[in-house]
Amino acid sequence: MLKGLTTAALTAALLAGSAITAAAQDFTIRATANSNENDEDYDGLVVFKNHVENASNGRIAVELFIGTQLCSGGAECLQGVSDGSIDVFVTTSGGAAGIFPYVQVLDLPYLMSDDRVAEHVLSGDFTRTMRNMALEDSGDTIRIMTIGNTGGWRNFANTKRRVQMPSDMEGLKIRTVVADLPQEVGENAWCSPRRRSRWPELFTSFQTGVVEGSKNGITDIMGMKFPDAGLKYVTLDGHAYMGAIWVMNNEKFMGMPEDMRRVVVDGFAALQQATFASPKRKSIQAYQDFVAGGGDLYVPTPDEKAAFRDAAAPVFDWFQANVDGGPAIFDALTKAVEAAEADLAAEYEADLN
């Protein structure tokens, strides 16, 4: 009898607790990433979900949809964020360029020199400037929350030969996304850019010779097994930081009380740090596997890297003359880089002496 009463009481308590928890969930955030569970985007979302649900004391629930369950591709997913059917989405600059062309500033080559500079820049007012531009252009529906990383740095990779100088790129058919800026970068690097936006087709394109090279991070190269398709040469020129732009439906965000908005902002800060760190760790094994499989990994000398920067310099003028919002966002980025480099120089002075 006592056992039965104890079980009944326990069941009632559990049910009551569930009711309290359910009632405490005042908001639900539906977040999606067109990736998989091995990707930096997923790592970031797991950290975001954990922080937001715990720091909100259960008032905010975060539902994760990894892959293409809710939408497929930048334009469709951003439309979902705009109309409120999706709350959070992560896009590359290429995926968002059709709606916000100025985000392609992140693809301009050789403006940010290393991780410390990039992370300093993307954690400050530059991102807020881009946020304000996107809010205005979307009618206050799409809010850029943070910019993280998805795959490290873009480097030139190809199936034909070692690339040490821009002249070694001549004639190579390099895959680019369907956006004007990557085409300009390719043409100024003396290669032959090929517009192929469908990522799953790239393996076969390497095999058949339709495409002979790409501009990707090493984790993407190894994750897609591109060396098996003939991709054997990687030049670590680090021409562009692979920024991941995290957006949120602005009405959902602003509809929360200030204390919950703070929790969400802190959640995106934690997410950003996770995506900064994840590619660094994953790239270690990826580089080892690439070399072990016979891959040729080349690090340009300072003079060779300067030659690549000089070859790409006309792209800066093209960007400002041809991209809506180009001058304003270019100015914001270059000033942020200068400030970051000055701050880091002061830190080195303090830490090295």
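As a reminder, the structure under discussion sits directly above these lines.
The model shown is predicted, which means the values in this text are computed figures rather than measured ones.

## Points about the state of the cysteines
Then, in step 1: Evaluated as defined, the whole model comprises one disulfide.
Then, in step 2: Sulfur-sulfur distance for the disulfide between C71 and C77 comes to 2.0 Å. Here the S-S torsion is close to 105 degrees, and the disulfide linking C71 with C77 is therefore right-handed.
Then, in step 3: Overall, C71 belongs to the buried group, its relative accessible area being 2%.

## Side note on the packing of helix α13 (residues 314-322) against helix α14 (residues 326-352)
Then, in step 1: The geometry of α13 relative to α14 is characterised by a closest axis approach of 7 Å and an angle of 135 degrees between their N-to-C directions. Between α13 and α14, the interaxial angle falls into the category oblique. Touching F316, F319 and Q320 of α13 are G326, P327, I329 and F330, all from α14.
Then, in step 2: Taken together, the residues of the contact of α13 with α14 break down into five nonpolar, two polar and no charged.

## Topic: the packing of helix α12 (residues 302-312) against α13
Then, in step 1: As a packed pair, α12 and α13 sit with axes 5 Å apart at the nearest point and diverge in direction by 35 degrees. Where α12 abuts α13, its residues D310, A311 and A312 lie against P314, V315 and F316.
Then, in step 2: For the contact of α12 with α13, the per-class residue count stands at five nonpolar, no polar and one charged.

## Regarding helix α3 (residues 74-83)
Think of an α-helix as turning once every 3.6 residues; residues three or four places apart then point the same way.
Then, in step 1: Looking at α3, one finds that the buried residues are G74, C77, L78, G80 and V81. Across the axial projection of α3, the buried residues extend over an arc of 150 degrees, all falling on one side.
Then, in step 2: Where the residues of α3 are buried, they touch β3 (88-91), α4 (93-96), β4 (142-158) and β8 (233-249).
Then, in step 3: Looking at the residues trailing α3, positive phi occurs at G84, about 90 degrees.

How each quantity is defined
Residues numbered from 1 in each chain as written. Predicted model: local features only at pLDDT ≥ 70, side-chain atom pairs only at ≥ 80, totals over all residues. Heavy atoms only, no water. Disulfide = S-S within 2.5 Å. Buried < 20%, exposed > 50% of the residue type's maximum accessible area, 1.4 Å probe, protein only. Axes fitted to C-alpha atoms, helices over the stretch in contact; angles between N-to-C directions. Helix = DSSP H or I, 4+ residues; strand = E, 2+ residues; numbered from the N terminus. Parallel < 35°, antiparallel > 145°, perpendicular 65-115°, else oblique. Contact = heavy atoms within 4.5 Å. Nonpolar A, V, L, I, M, F, W, Y, C, P; charged D, E, K, R; others polar. Arc of directions from axis to C-beta.

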